[in-house]
Amino acid sequence: MANSSASISEVFHALADPTRCAIVCALVGGAQTVSALAAPFDMALPSFMKHITVLERSGLIQSSKLGRSRTCELVPRKLQQAEQWIAEQRAMWEARTDRMAAFVEQLHLKEQTHGIKRQR
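Residues numbered from 1 in each chain as written. Predicted model: local features only at pLDDT ≥ 70, side-chain atom pairs only at ≥ 80, totals over all residues. Heavy atoms only, no water.

1. Looking at the sheet that holds strand β2 (residues 61–66)
In step 1: Spatially, β1-β3-β2 is the arrangement adopted by the 3 strands of the open sheet, whose pairing is antiparallel. Each edge of the open sheet carries a strand with a single partner, namely β1 (32–33) and β2.
In step 2: Bridge count between β1 and strand β3 (residues 69–74): 2 bridges; the pairing is antiparallel. Residue Gln32 lies in a different strand from β3, and its bridge partner there is Cys72.
In step 3: Across the sheet, helix α2 (residues 18–27) is in contact with β1, β2 and β3; its angle to β3 comes to roughly 85 degrees.
In step 4: Each of β2 and β3 touches helix α4 (residues 45–58); the most contacted strand, β2, lies at about 120 degrees to it. (Pairing = 2+ DSSP bridges. Helix = DSSP H or I, 4+ residues; strand = E, 2+ residues; numbered from the N terminus. Contact = heavy atoms within 4.5 Å. Axes fitted to C-alpha atoms, helices over the stretch in contact; angles between N-to-C directions.)

2. A short note on the environment of Glu73
In step 1: In this structure, Glu73 sits in strand β3.
In step 2: With a relative accessible area of 36%, Glu73 lands in the partly exposed category.
In step 3: In this structure the C-alpha to C-alpha distance between Glu73 and Thr97, which are 24 residues apart in sequence, comes to 39 Å.
In step 4: For Glu73, the residues in contact, after removing those within four places along its chain, are Leu27, Ala31, Leu60, Ile61 and Gln62. (Buried < 20%, exposed > 50% of the residue type's maximum accessible area, 1.4 Å probe, protein only.)

3. A word on the packing of aromatic side chains
In step 1: Per the stated rule, a full pass over the model turns up 2 aromatic pairs.
In step 2: In this structure, Arg96 is placed above the aromatic ring of Trp93, and the distance from its NZ or CZ to the ring centre is 4.6 Å. (Phe/Tyr/Trp six-rings, centres within 6.5 Å; stacked < 30°, edge-to-face > 60°. Lys NZ or Arg CZ within 6 Å of the ring centre and 35° of its normal.)

4. Things to note about the pairing of β3
In step 1: For β2 and β3, the ladder comprises 6 bridges, and the chain directions are antiparallel. Looking across to β3, one finds that Lys65 is bridged to Arg70.
In step 2: Connecting β2 to the next strand, β3, in antiparallel fashion are 2 residues, including Gly67 with a positive phi near 65 degrees.

5. Looking at the environment of Ala102
In step 1: Along the chain, Ala102 turns up in helix α5 (residues 76–119).
In step 2: Judged by its relative accessible area of 39%, Ala102 is partly exposed.
In step 3: Separated by 69 residues in sequence, Ala102 and Thr33 have C-alpha atoms that sit 54 Å apart.

6. Some thoughts on α4
In step 1: If you check α4, its first and last C-alpha atoms are 20 Å apart, about what 14 residues at 1.5 Å a residue would give, namely 20 Å.
In step 2: Along α4, the residues that are buried comprise Phe48, His51, Ile52, Leu55 and Ser58. Projected down its long axis, α4 carries its buried residues within an arc of 125 degrees, all on one side. For α4, exposure combined with an orientation more than 90 degrees from the buried face picks out Pro46, Lys50 and Arg57. (Expected span 1.5 Å × (residues − 1). Arc of directions from axis to C-beta.)

7. Remarks on α2
In step 1: Taken together, the buried positions of α2 are Thr19, Arg20, Ile23, Val24 and Leu27. The arc that holds every buried residue of α2, seen down its axis, measures 140 degrees, which confines them to one face. Facing away from the buried surface of α2 by more than 90 degrees, the exposed residues are Pro18 and Cys25.
In step 2: Between a side-chain oxygen at the N-terminus of α2 and the backbone nitrogen of Thr19 the separation is 2.9 Å; the capping residue is Asp17. (Polar contact = N/O pair within 3.5 Å; in protein donor to acceptor, adjacent residues only side chain to side chain.)

Any functional reading would require information that these geometric values do not contain.
Encoded structure:
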């Protein structure tokens, strides 16, 4: 579980940066070269490559080099793992809020019934 949490933490760390989020969004349409991915950003290529490295280390993308061209592609499995983690957290918190709502309703009913008995 701890290893899984570390993996998820790396994914969320990678997605926390707007540039890296934009790169992931660009790769949803299919594999692209680093040059094509870097074109919309106003930064030097070495700085852009740091973003690519973070995404690769998190497992969100993988790249391959053919000649002088490096191509990146999305690894959907990592996004699915993050989505699964979010779904589990949502279910846990919804269950907690449901239990709290039921408790408050019971408390409210007890107060109403005790209030009616006291008025008599």
